Amino acid sequence: MSQEEELVFEESQQGVKIVFWGPTLAGKTTALSLFHAIKKKEDPESVYNFLKLEDKATERTIGFDQATFGLGTGAGKAFKYHLFTTPGQDRFKSMRKIVINGLHGLIVVIDSEKARWEENRESLIELFTILGDKLYSREVKMAIMLNKMDLPAETRISAADVGRLMIEAGISDKLRDTFASTFEVSCLEALSALKDAWTRGEWNPKQRPQAVQRIIQPIQMVIRDIIISQLQKS
Ligand SMILES: Nc1nc2c(ncn2[C@@H]2O[C@H](COP(=O)(O)OP(=O)(O)OP(=O)(O)O)[C@@H](O)[C@H]2O)c(=O)[nH]1
Ligand SMILES: [Mg+2]
């Protein structure tokens, strides 16, 4: 990490931290970029920074992506939350361990493409190796994003298959049923809906296109769950 990255990283350890986890090419950076673009459009004052560290040739994350947002109004936006993505490629295992450290929330991104079953399984095994029983403790607020639902049905898995994936990774299916809801999403469709609406000059935060809303929902749910749990503690 460069000095600047280390500084960003250290500062973000002080706020609420939510991490996107999943295999390479699952869509973590795309999901965070979408969330960032929407916040910037709807409430630019709530957006603090967005750092993307990717290999320009392959567009894969080579460090982590990090975006900071504020909640509330005016000076009250002092409550900050930081969204991170982990780099999914094999060679960044140690970086993933650093990024996930101290998290309050987790968005598990699963690539719905059938051919990526093994990568999804390995990514879940690694997550469980790092977090252990913390995964079930409700201490970490969690949502599962099953991405790329735009793929033809015969080439992708559905939310119903996520339980089997969990079990094959040695994680209890309870994680899906009790601890974290599964959201079927398509970042690609969300991106296209966003572009269409912006080209037409139409945007109403209360009536976001469905595909966009599906991306926002799990992230907002995790943020809300963290805030509720912090309020209950104080
Ligand atoms: N078909 C389809 N492709 C998608 C979708 N979301 C992302 N992609 C594509 O998948 C590729 C990888 O997306 P990224 O967001 O960079 O993946 P990542 O999980 O951040 O990957 P790493 O940084 O390597 O861990 C890109 O080419 C995206 O355009 C989706 O919903 N559907
Ligand atoms: Mg990435």
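In what follows, the structure referred to is the one given above.
Computed from a prediction, not measured in an experiment: that's the story for all the values here. (Residues numbered from 1 in each chain as written. Chains lettered and ligands numbered in written order. Predicted model: local features only at pLDDT ≥ 70, side-chain atom pairs only at ≥ 80, totals over all residues. Heavy atoms only, no water.)

A. Spatial organisation of the coordination of the magnesium ion (ligand 2). Around the magnesium ion (ligand 2), the donor atoms from the protein are Thr29 (OG1) and Thr61 (OG1), and they sit 2.0 Å away. Placement of Thr29 in helix H2 (residues 28–42) and of Thr61 in the loop between strand S2 (47–51) and strand S3 (65–71) is noted, with a sequence separation of 32 residues between them. Of the residues examined, Thr29 reaches a relative accessible area of 14% and is grouped as buried. (Donors = N, O, S within 2.8 Å, 3.2 Å for Na, K, Ca; no water. Helix = DSSP H or I, 4+ residues; strand = E, 2+ residues; numbered from the N terminus. Buried < 20%, exposed > 50% of the residue type's maximum accessible area, 1.4 Å probe, protein only.)

B. A look at the environment of Lys174. With respect to the helices and strands, the residue Lys174 is situated in helix H6 (residues 174–179). The class of Lys174 is exposed, set by a relative accessible area of 53%. C-alpha separation for the pair Lys174 and Met142, spaced 32 residues apart in sequence, amounts to 13 Å.

C. Broad picture of the site of ligand 1. Around ligand 1 sit 20 residues in total, of which Thr24, Thr30, Thr61, Gly88 and Asp150 are the nearest. In this structure, Gly88 approaches ligand 1 through a main-chain N or O atom, which is 2.7 Å from an oxygen atom. Within the backbone of Leu188, an N or O atom sits 3.1 Å from an oxygen atom of ligand 1. Taking 660 Å² as the accessible area of ligand 1 by itself, protein coverage stands at 83%. (Near = heavy atom within 4 Å. Polar contact = N/O pair within 3.5 Å; in protein donor to acceptor, adjacent residues only side chain to side chain. Areas by Shrake-Rupley, 256 points an atom, 1.4 Å probe, with all protein chains shown as cover.)

D. Up close: the packing of H2 against helix H7 (residues 187–200). Between H2 and H7, the shortest axis-to-axis distance is 10 Å and the interhelical angle comes to 25°. Taken together, the axes of H2 and H7 are roughly parallel relative to one another. The way H2 lies across H7 gives a crossing that is left-handed. Contacts between H2 and H7 involve Thr30, Ala31, Leu34, Ala37, Ile38 and Lys41 from the first element and Cys187, Ala190, Leu191, Leu194 and Trp198 from the second. Split by residue class, the contact of H2 with H7 holds nine nonpolar, one polar and one charged. (Axes fitted to C-alpha atoms, helices over the stretch in contact; angles between N-to-C directions. Parallel < 35°, antiparallel > 145°, perpendicular 65-115°, else oblique. Left-handed = near helix turned anticlockwise from the far one by under 90°. Contact = heavy atoms within 4.5 Å. Nonpolar A, V, L, I, M, F, W, Y, C, P; charged D, E, K, R; others polar.)

E. Inspection of the pattern of salt bridges at higher detail. Overall, the coordinates contain 10 salt bridges when judged by the stated rule. Ionic pairing is found between Glu202 and Arg200, a salt bridge with its closest N-O pair at 3.1 Å. Note on Arg200: relative accessible area 52%, which makes it exposed. (Salt bridge = Lys/Arg side-chain N within 4 Å of Asp/Glu carboxyl O.)

F. Structural detail: the side chain of Lys141. Following the sequence through the fold, Lys141 ends up in strand S6 (residues 141–147). No salt bridge is formed by the buried Lys141, whose closest oppositely charged neighbour, Asp225, lies at an N-O distance of 6.4 Å. (Lys, Arg positive; Asp, Glu negative; His and termini not counted.)

G. Region of interest: the layout of surface pockets. Its volume calculated, the largest pocket comes out at about 480 Å³. Around the largest pocket, the lining is made up of 24 residues, and of these Leu25, Gly27, Thr29, Thr30 and Glu59 lie nearest the centre. In the lining of the largest pocket, the residues fall into six nonpolar, 11 polar and seven charged. Computed from the structure, the second largest pocket encloses a volume of approximately 330 Å³. Taken together, 17 residues make up the lining of the second largest pocket; nearest its centre are Asp90, Arg96, Glu122, Ser123 and Glu126. Only helix H3 (93–100) and helix H4 (117–131) provide two or more residues apiece to the lining of the second largest pocket. (1 Å grid on protein atoms, 1.4 Å probe; cavity = no way out; pocket = protein on both sides within 12 Å on 5 of 7 lines; lining within 4 Å. Points joined across faces, edges and corners; volume = space filled by probe spheres on them.)

H. Representation of the sheet that holds strand S1 (residues 16–21) within the structure. Ordered in space as S2-S3-S4-S1-S5-S6-S7, the seven strands form an open sheet in which the pairing is mixed. In this open sheet, the two edge strands, each paired with only one partner strand, are S2 and strand S7 (181–184). The sheet shows a mean angle of 20° between the axes of neighbouring strands, direction not considered. Of the strand pairs in this sheet, S1 and strand S5 (residues 105–111) are connected by four bridges, and their pairing is parallel. Residue pairing across strands places Trp21 opposite Val108, the latter belonging to S5. Sheet strands in contact with helix H8 (residues 210–233) are S1, S3, strand S4 (79–85), S5, S6 and S7, and its direction is about 175° off that of S6. (Pairing = 2+ DSSP bridges.)

I. Representation of the environment of Val47 within the structure. With respect to the helices, strands and loops of the structure, Val47 is situated in strand S2. Along the backbone, Val47 and Glu113 are 66 residues apart, and their C-alpha atoms lie at a distance of 32 Å. Leave out the neighbours within four places in its chain, and Val47 touches His36, Lys39, Lys40, Thr68 and Phe69.

J. Geometry of the nonpolar core. Core analysis: the largest hydrophobic core is formed by 35 residues, its most contacted members being Phe20, Leu83, Met145 and Ile219. Where this core is concerned, the elements lending two or more residues are S1, H2, S3, S4, S5, S6, H7 and H8. Looking at which element gives the most residues to this core, the answer is H8, with nine residues. Apart from the residues lying within four places of it in its own chain, the contact partners of Leu83 are Ile18, Phe20, Leu32, Phe35, Asp65, Gln66, Ala67, Phe69 and Ile219. Within the second largest apolar cluster, 32 residues are counted, among which are Ile100, Ile144, Leu146 and Val162. (Core = buried A, V, L, I, M, F, W, Y, C linked by side-chain atoms within 4.5 Å.)

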